[in-house]
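# Remarks on the overall topology
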Amino acid sequence: MSREADAITGLYRRHAQAWARLRGSEPQEEVWLEKFVQLLPAGGSVLDIGSGSGKPIGQYLFDNGFAVTGIDASPELIEISRRNLPECDWLISDMRDLRLDKKFNGIVAWNSSFHLTPNGQRQMFPVFQRHAAPAATLMFTSGPCHGDAIGEFEGEALYHSSLDSEEYRTLLDRHGFGVIDHIVEEERCGLHTVWLCRYRDTA
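The text that follows walks through the structure, step by step, so that each part is easy to find. Source: prediction; values computed, not measured.

## Here's the deal with the overall build of the protein
From N to C terminus, the protein includes 8 helices and 9 strands. A globule of 203 residues ought to have a C-alpha radius of gyration of about 17 Å, and the protein, at 16 Å, matches this closely. With 203 residues in all, the protein has 49% of them scored as buried. Residue pairs in contact within the protein that sit at least 24 positions apart in sequence constitute 67% of those at least 6 positions apart. Within the structure as shown, the protein displays about 9,300 Å² of accessible surface, and the carbon and sulfur contribution to it stands at 47%. When the 20 basic and 29 acidic side-chain charges of the protein are each reduced to a single mean position, those positions are 4 Å apart.

Given below as structure tokens:
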């Protein structure tokens with residue numbers, strides 16, 4: 001499945017406008033965004049990994065008073081983000097290689113890291129740790145169980161993958177994160193499987 005996974009960035013580059021239009025401005029995941037922001041310090045900083053067009057998640061965070069930095073591998077989506085929210089920082093980067101000289105109070109990877117292969121997803125946990133300020137909150141989505149799945153967007157194959165829940169818990173623990181809340185196929189936000197975590201390292 002690595003070929004399908006490698007095609008993800010190109011897909012989002014080719015169809016950036018269509019994706020931004022279909023994603024819209026209303027956060028389907030608002031119930032979880034509310035939980036996320038309640039765990040952040042007022043006016044804190046948030047890193048949005050796989051930020052897409054900046055809407056609706058970046059917009060929601062900005063509207064709630066947070067300093068937002070978003071990264072995405074698609075230059076086309078980053079350009080849309082810069083037009084949508086020029087007050088925020090938008091950077092082109094492969095999430096697996098991310099090394100910003102900054103730590104954040106919150107890190108969100110909503111519907112982004114699950115486009116990576118299993119090994120690619122394992123690479124993300126050092127990235128989360130590297131960018132986590134003391135007591136940072138991390139929220140990300142995964143699949144409901146171990147395996148690959150191929151969806152479709154604009155007539156092209158759309159790759160997804162997931163580790164099993166025990167491996168996610170092991171990786172989180174190994175990199176200093178404790179699970180606060182976790183739900184499989186949350187009915188209130190499109191059957192997403194959600195992880196909400198807190199970084200334990202307060203040194």
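## Quick word on the packing of aromatic side chains
Taken as a whole and judged by the stated rule, the model has 9 aromatic pairs. Between phenylalanine 125 and tyrosine 168, the ring centres sit 6.4 Å apart and the planes meet at 50°, which makes this aromatic pair tilted. Of the two residues, phenylalanine 125 sits in helix H7 (residues 118–130) while tyrosine 168 sits in helix H8 (residues 165–174), which places them 43 residues apart along the sequence. The burial state of phenylalanine 125 is the same as that of tyrosine 168; both residues are buried.

## Some thoughts on the pairing of strand S3 (residues 89–92)
Strand direction decides the pairing type here: strand S2 (residues 67–72) and S3, joined by 4 bridges, are parallel. Bridge pairing in S3 places threonine 69 opposite aspartate 89. Taken together, S2, helix H6 (residues 75–84) and S3 form a β-α-β motif whose crossover is right-handed.

## Observations concerning the side chain of serine 74
Mapped onto the elements of the fold, serine 74 is located in the loop between S2 and H6. Once you skip the residues sitting within four places of it in the chain, serine 74 turns out to touch Tyr12 and Arg13.

## Description of the pairing of strand S9 (residues 192–199)
Within a regular beta strand, the side chains point alternately toward one face of the sheet and then the other, so they alternate between its two faces. Taking burial as the measure, the 8 residues of S9 include 7 buried ones, the bulk of the element. Where strand S5 (residues 132–142) and S9 come together, 6 bridges link them in antiparallel fashion. Its bridge partner lying in S9, serine 142 is registered against threonine 193. Of the strand pairs in this sheet, strand S8 (residues 177–186) and S9 are connected by 7 bridges, and their pairing is antiparallel. Bridge assignment links glycine 178 to a residue of S9, and that residue is arginine 198. Counting the residues between successive antiparallel strands, the hairpin from S8 to S9 contains 5 residues, one of them, glycine 190, with a positive phi of roughly 70°.

## A closer look at the side chain of serine 93
Summarising the element assignment, serine 93 is placed in the loop between S3 and strand S4 (104–109). Excluding residues within four positions of it along the chain, serine 93 makes contact with Ile71, Asp72, Ala73 and Leu98.

## A short note on the packing of H7 against H8
Direction vectors running N to C along H7 and H8 enclose 30°, while the axes themselves pass 9 Å from each other. By the criterion of interaxial angle, the relationship of H7 to H8 is roughly parallel. Viewed along their axes, H7 and H8 form a crossing whose handedness is right-handed. Contact residues: Gln121, Arg122 and Phe125 in H7; Glu167, Tyr168, Leu171 and Leu172 in H8. Taken together, the residues that form the contact of H7 with H8 break down as 4 nonpolar, 1 polar and 2 charged.

Conventions used here
- Residues numbered from 1 in each chain as written.
- Predicted model: local features only at pLDDT ≥ 70, side-chain atom pairs only at ≥ 80, totals over all residues.
- Heavy atoms only, no water.
- Helix = DSSP H or I, 4+ residues; strand = E, 2+ residues; numbered from the N terminus.
- Rg over C-alpha atoms; globule rule 2.2 N^0.38 Å.
- Buried < 20%, exposed > 50% of the residue type's maximum accessible area, 1.4 Å probe, protein only.
- Contact = heavy atoms within 4.5 Å.
- Areas by Shrake-Rupley, 256 points an atom, 1.4 Å probe, with all protein chains shown as cover.
- Lys, Arg positive; Asp, Glu negative; His and termini not counted.
- Charge placed at Lys NZ, Arg CZ, Asp CG, Glu CD.
- Phe/Tyr/Trp six-rings, centres within 6.5 Å; stacked < 30°, edge-to-face > 60°.
- Pairing = 2+ DSSP bridges.
- Right-handed = clockwise from strand over helix to strand, strands pointing away.
- Axes fitted to C-alpha atoms, helices over the stretch in contact; angles between N-to-C directions.
- Parallel < 35°, antiparallel > 145°, perpendicular 65-115°, else oblique.
- Left-handed = near helix turned anticlockwise from the far one by under 90°.
- Nonpolar A, V, L, I, M, F, W, Y, C, P; charged D, E, K, R; others polar.

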